[in-house]
Number of protein chains: 2
Amino acid sequence: MYSMRVLNGRDVMKVISMADAIEAVERAYRLFARKEAGVFPIIAHEFEPEKKEMDIKSGHLEGAGIYGLKVVGYSSDNPKLRGIPALAGLVIVMSVETGRPLGLVDGMTITNIRTGAAGAVGAKALARPNSEKVLLVGTGAQGRAQIEGLLHVMPAVRMIRVFGRTPSNVEAYVAEMSAKYPHVSFSAVSSQELKDAALNSDIIVTCTPSHKALIKEDYVRPGTHINAIGADFPGKQELEEGILSKALVVGDSREQVVRQGECQTACRKGILRPEDILEIGDVLEGKVQGRTSDEQITVFDSTGMALQDIITAQMALERAEKKDIGMLVQM
Amino acid sequence: MYSMRVLNGRDVMKVISMADAIEAVERAYRLFARKEAGVFPIIAHEFEPEKKEMDIKSGHLEGAGIYGLKVVGYSSDNPKLRGIPALAGLVIVMSVETGRPLGLVDGMTITNIRTGAAGAVGAKALARPNSEKVLLVGTGAQGRAQIEGLLHVMPAVRMIRVFGRTPSNVEAYVAEMSAKYPHVSFSAVSSQELKDAALNSDIIVTCTPSHKALIKEDYVRPGTHINAIGADFPGKQELEEGILSKALVVGDSREQVVRQGECQTACRKGILRPEDILEIGDVLEGKVQGRTSDEQITVFDSTGMALQDIITAQMALERAEKKDIGMLVQM
């Protein structure tokens, strides 16, 4: 018999802040760059295409003494038929030393915060530090997490313009975030204003499920940093490929961004060569240089690695143990 | 928020009998044969070869409305350094319909009982029904589970001879099992007596971690059924290849037995053709014929499929819900 801690989403939010998640994700990227962490092939299966799906993402972080996985299930019927979220999942953290499970953590809360943290790490490493103006495209859970992460690492940000498909969602977003971050000016952007807003931004964040480019090549001025968050599956795309051909492109995992990230289309068309894509861990570790001038356009292509989930879940479990939060089950 | 049931090993043993596990495993094999279930690639990683390892086996059983995985960690130091078992693991059962986790079950208890059940299903389908004499090679946890499974499906068995590397373990095994099954005569077999014992058996069960053949070709008389349980990883072997060349060979998954089961060596040497290996699900479903005469030698090569774990865990969770056993966690 041994005891194993189980944390639900509320437990995670009690013990992990965005600042914590940023620290955890940065560590995961660095361990990956130092070959003290690695990801295993993603297992994905569609029961009914685009309606019922599952995936298992797994990896190890020997440098942190752990390995594990995240399993996520998707059922598009859930909100309408059952009044529950479409996505659900779990993260399991295992010990390399003993081979035993260390704990089980709600997968959706971890995914949400670690993806917000990923954007923050990308912007901190690649955006101009005095960036003030942001364009956000996408007002879902990631639209919130990305801005929360960004505001942690970009203290000069004072204006965030928001674009989304559904005007009422944009309005609700602007109201909610204005109240949460009173020092920042949030405003809605119409599709007619999108180009101008993009051209007047220091940082662009895209986090939609789009399958076609929303940000065109001529929307992006020199010096812009783009966090390309949404594209994480074959077929997804948010940026016109030409942007990638003239930018410094940094992915979380080269192999993954070429296969299923924002880079997939540009690479397939031969506009971007995989060997020209840097990895964020190498930039953080100083193995390669990130931004070299204020005129450079930089893109961080974040597809999401199991390492981020596992290490963030580990941090949550450690903090929860100290505070005795969550549930202990006897296995 | 939703609730998820967690079952430890003791909970599983309270709700699942060997007869239940046999029913569950047979169903998994049949669903696999009907293409209503499938396995995903196995993810395996060695942190220190033969000392610290992990694997993730996953699959779906759409016919049963579930999918899931088993994650297992191994640390050879555990017994000596920590006084805990070398293996630990968890099974997660997910719902296809909602994508949500249905529950979490101790992986070792499930593995143990479902492997015993697999041997029972193999023997029931392939051995001569009036089989009386058994040779068991291997006196570990599987030596117990295999005999428990076998005695469920082979009512005529009255004599079980037992061989193992460590005489004291064999003695302890014989004493324990004699007390548990008083209607069966258990006796120890020395290495000098192994050939004779094999030649006088109707059923041979091998469940050791051996990497070389323990049962030679001239140990096996016509009509014998062999449950080859131990070989489930590249490099493992318990039977001389010649046995497989003259037997009717049935695996759990053709692809898996060729790669990592008892069949691997015979196939590599060209003594056995993969296309000549049947699958147990096809035999159970009547798609192909199993044993056709009392003179035939039959071999069931069991490598273990995630399907067996997931469906047995599902059964345990359903029974536990009715009896309110285990722990409910709020996710």
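Residues numbered from 1 in each chain as written. Chains lettered and ligands numbered in written order. Predicted model: local features only at pLDDT ≥ 70, side-chain atom pairs only at ≥ 80, totals over all residues. Heavy atoms only, no water.

Asks: I'm lost on the packing of aromatic side chains in this one. Help?
Replies: The geometry of an aromatic ring pair is captured by the separation of the ring centres together with the interplanar angle, meaning the angle of the planes. Residues and elements named next belong to chain A. This structure, assessed with the given rule, holds 8 aromatic pairs over all chains. Between tyrosine 173 and phenylalanine 186 the ring centres are 6.3 Å apart and the planes differ by 70 degrees, which places this aromatic pair in the edge-to-face class. Pair noted here: tyrosine 173 is in helix H6 (residues 167-180) and phenylalanine 186 is in strand S10 (residues 185-188), with a separation of 13 residues, a long-range link. Feature note: the residues Tyr173, Tyr181 and Phe186 constitute an aromatic cluster, connected by ring pairs. (Phe/Tyr/Trp six-rings, centres within 6.5 Å; stacked < 30°, edge-to-face > 60°. Helix = DSSP H or I, 4+ residues; strand = E, 2+ residues; numbered from the N terminus.)

Asks: Help me understand H6(A), please; the structure alone is not making it clear to me.
Replies: Within an α-helix, residues lying three or four positions from one another point in the same direction, as the helix has 3.6 residues per turn. Residues and elements named next belong to chain A. Look at H6: 20 Å from first C-alpha to last across 14 residues, which is about the 20 Å you get at 1.5 Å a residue. Of the positions making up H6, those classed as buried are Val170, Tyr173, Val174 and Met177. End-on view of H6: buried residues confined to an arc of 100 degrees, all on one side of the axis. In H6, the exposed residues that point more than 90 degrees away from the buried face are Glu171 and Ala179. In this structure, the buried side of H6 is in contact with strand S8 (133-137), helix H5 (141-153), strand S9 (159-163) and S10. (Expected span 1.5 Å × (residues − 1). Buried < 20%, exposed > 50% of the residue type's maximum accessible area, 1.4 Å probe, protein only. Arc of directions from axis to C-beta. Contact = heavy atoms within 4.5 Å.)

Asks: Explain the relation of the copies chain A and chain B here, please?
Replies: A rotation about some axis, followed by a shift along it, carries one copy of the chain onto the other. Overlay of chain A on chain B (RMSD 0.0 Å): rotation 180 degrees, translation along the axis 0.0 Å. Such values leave the two copies arranged in the relation of a two-fold axis. (Least-squares fit on C-alpha atoms with pLDDT ≥ 70 in both.)

Asks: So what exactly am I meant to see when it comes to the state of the cysteines here?
Replies: A disulfide bridge is the covalent bond that connects two cysteines by way of their sulfur atoms. One pass over the full model with this rule turns up 0 disulfides over all chains. Cys263(A) takes part in no disulfide bond, and the closest cysteine sulfur, belonging to Cys267(A), lies 5.4 Å away. (Disulfide = S-S within 2.5 Å.)

Asks: Got a minute to help me understand the pattern of salt bridges in this structure?
Replies: Close approach of charged atoms lets side chains of opposite charge pair. Scanning all chains against the criterion turns up 51 salt bridges over all chains. With its nearest N and O atoms 2.8 Å apart, the salt bridge here joins Asp202(A) to Arg221(A). Of this pair, Asp202(A) sits in the loop between helix H7 (194-199) and strand S11 (203-206) while Arg221(A) sits in the loop between S11 and strand S12 (225-228), and the two are 19 residues apart along the sequence. Assessed through its relative accessible area of 9%, Asp202(A) is described here as buried. Between Lys14(B) and Asp11(B) there is a salt bridge, with its nearest N and O atoms 4.0 Å apart. Residue Lys14(B) and its partner Asp11(B) are located together in helix H1 (residues 9-15), separated by 3 residues, close to a single helical turn. Given the relative accessible area of 54%, Lys14(B) is considered exposed. Residue Asp11(B) is classed as buried on the basis of its relative accessible area of 10%. (Salt bridge = Lys/Arg side-chain N within 4 Å of Asp/Glu carboxyl O.)

Asks: What's the story with the domain arrangement of chain A in this structure? I'm lost.
Replies: Many analyses report the size of an interface as the accessible area lost when the parts associate. Residues and elements named next belong to chain A. Considered domain by domain, chain A is made up of domain 1 (3-110 + 307-330) and domain 2 (125-303). Computed over C-alpha atoms, the centres of domain 1 and domain 2 are 24 Å apart. Domain 1 puts 11 residues into the contact, and the matching count from domain 2 is 18 residues. In total, domain 1 and domain 2 occlude about 1300 Å² of area from one another, counting both sides; carbon and sulfur atoms represent 62% of this. Close ionic contact of glutamate 285 with arginine 34 constitutes a salt bridge, the shortest N to O distance being 3.2 Å. Linking domain 1 with domain 2 are 4 residue pairs in polar contact (both at pLDDT 80 or more). At 8 residues, the largest contribution of residues to the side of domain 1 that touches domain 2 is made by helix H2 (residues 18-33). (Domains from an automatic or database assignment. Buried area = accessible area lost by both parts, 1.4 Å probe. Polar contact = N/O pair within 3.5 Å; in protein donor to acceptor, adjacent residues only side chain to side chain.)

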